[in-house]
Amino acid sequence: MIRWVWKWVKRLLVVAVLLLLVLLAPVGYVEVACRGKDYIRKEYEPLLTPEWHRAEGRTLMTYPEWHIVHAYDDYAEVISSGDPHDFGYFRAVGGFWGSLCALSKASPAHGGFDWTTKQTAYVIGVSFTAELMLKAAYEETVGRVYTWIRGSERAALDEVSARQARDYAAFLQQTPWYKWDFKGDIAEHAEASEGSKRDNERRLALGIEFSAKSAYAGVIEQAVAGVGADALRLRMVVQGERAQLEGLEGVEIIESRPEGLVLETPRYRALTELMKEMAERGADFIEIAGNDDIMLTAIADTPLPGALYARERQGYGDTRSLVLMQVTDLAAFLRENGDMVEHVHDY
């Protein structure tokens, strides 16, 4: 008996090691195959005081977390009319590591990536990969079987979970994932269920997933509280008339300098919409967070010329491109292509 148990313990250990190696393989690939050339970084003398500087490479490294946000949005779009097994989980994972590889190659010209920042990207990448592989393993097997049992007519919880996925994707645009009310979603499933086999299966599967995420979210929130959250505001230098920029929500005019007005603004999704509005009002950007380069994502039918990386969006039929440009070119790009700009990646 003991020999039999030990034999299975060894087998499970081998499987666990193999799974760990599979999860870590992309990290090794990025480290070995995605090293950029040793560019000589151009000298730039920032206008803003040092406490408002952020490393230029961070405009590149903000994207990996946003890729996960976009993946949830793609998932919500797919299941709004389809089923979870219709989503390309491997494509979403491949997009994360493919974009990280492209960004790693581009990083030397922008100060490179410090190990702490890169380590964070690796941790969230491995976690994202594990999550989607587990979800794919379930939805492509048990989940798919229950859609066959259900038939073509969607169950009540198919509709509820699709709406929750859309709400969650929108929530992530401005708020950290761990602040989402996963327990509220579980409670809504119990209330909305009509007792069909598909509803019961969704309650069980999503209940396990959301319970695990809720528990993990609590751990992450405590960890963030211990180290402090990232800065919620940044400063930039903008050329334009004061009257053009007054009245913008969340924007504070700090001072006027020969190079332009120093503004303090919110970050994340709110910043993108503010910058579009500022560009439309005639403002031109000179420096953002002490830097003269910035990256943005844009949505178009085909990849944009010169994009660092481009990938088709699932459920939408169009393409997201990562574009790096000079800060001084940003306003003109926004005025000409504002409708296609999805997110300006701050630092």
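Our subject is the structure listed above.
A. Inspection of the state of the cysteines at higher detail. All told, the structure shown has 1 disulfide when counted by the stated rule. Through a disulfide, Cys34 is tied to Cys101; the S-S separation comes to 2.0 Å. On the S-S bond that ties Cys34 to Cys101, the torsion sits near -95°, and the link is left-handed. In this pair, Cys34 sits in the loop between helix H1 (2-33) and helix H2 (58-61) while Cys101 sits in helix H4 (residues 89-106), placing the two residues 67 residues apart along the sequence. There is no split in this pair, since Cys34 and Cys101 are both buried.

B. Summary view of the environment of Glu249. Turning to its location among the elements, Glu249 is positioned in the loop between helix H9 (242-245) and strand S2 (252-257). The exposed category is assigned to Glu249, whose relative accessible area is 74%. Separated by 135 residues in sequence, Glu249 and Asp114 place their C-alpha atoms 34 Å apart.

C. Just the sheet that holds strand S8 (residues 341-345), in detail. On the basis of which strands lie adjacent, the open sheet formed by 4 strands has the order S6-S7-S5-S8 and antiparallel pairing. Only two strands of the sheet have a single partner each, and these edge strands are strand S6 (309-312) and S8. Pairs of neighbouring strands in the sheet enclose a mean axial angle of 20°, with direction left out of account. As paired strands, strand S5 (residues 293-300) and S8 are joined by 4 bridges and run antiparallel to one another. The residue of S8 that forms the bridge with Ala298 is Val341.

D. Representation of the environment of Arg281 within the structure. Looking at where Arg281 falls in the secondary structure, it is placed in the loop between helix H10 (269-280) and strand S4 (284-288). On the basis of relative accessible area, Arg281 is assigned to the partly exposed category, the value being 30%. For the pair Arg281 and Ile79, spaced 202 residues apart in the sequence, the C-alpha separation amounts to 38 Å. In this structure, Arg281 is in contact with Gln244, Leu245, Glu246 and Leu248, ignoring residues within four places of it in sequence.

E. A look at the packing of helix H3 (residues 63-79) against helix H5 (residues 115-150). Relative to each other, H3 and H5 sit at 20°, their axes nearing to 10 Å. Relative to H5, H3 is oriented roughly parallel. The hand of the H3/H5 crossing is left-handed. Here Pro64, Glu65, His67, Ile68, Ala71, Tyr72 and Tyr75 of H3 come into contact with H5, specifically with Ile124, Phe128, Glu131 and Lys135.

Conventions and cut-offs
Residues numbered from 1 in each chain as written. Predicted model: local features only at pLDDT ≥ 70, side-chain atom pairs only at ≥ 80, totals over all residues. Heavy atoms only, no water. Disulfide = S-S within 2.5 Å. Helix = DSSP H or I, 4+ residues; strand = E, 2+ residues; numbered from the N terminus. Buried < 20%, exposed > 50% of the residue type's maximum accessible area, 1.4 Å probe, protein only. Pairing = 2+ DSSP bridges. Axes fitted to C-alpha atoms, helices over the stretch in contact; angles between N-to-C directions. Contact = heavy atoms within 4.5 Å. Parallel < 35°, antiparallel > 145°, perpendicular 65-115°, else oblique. Left-handed = near helix turned anticlockwise from the far one by under 90°.

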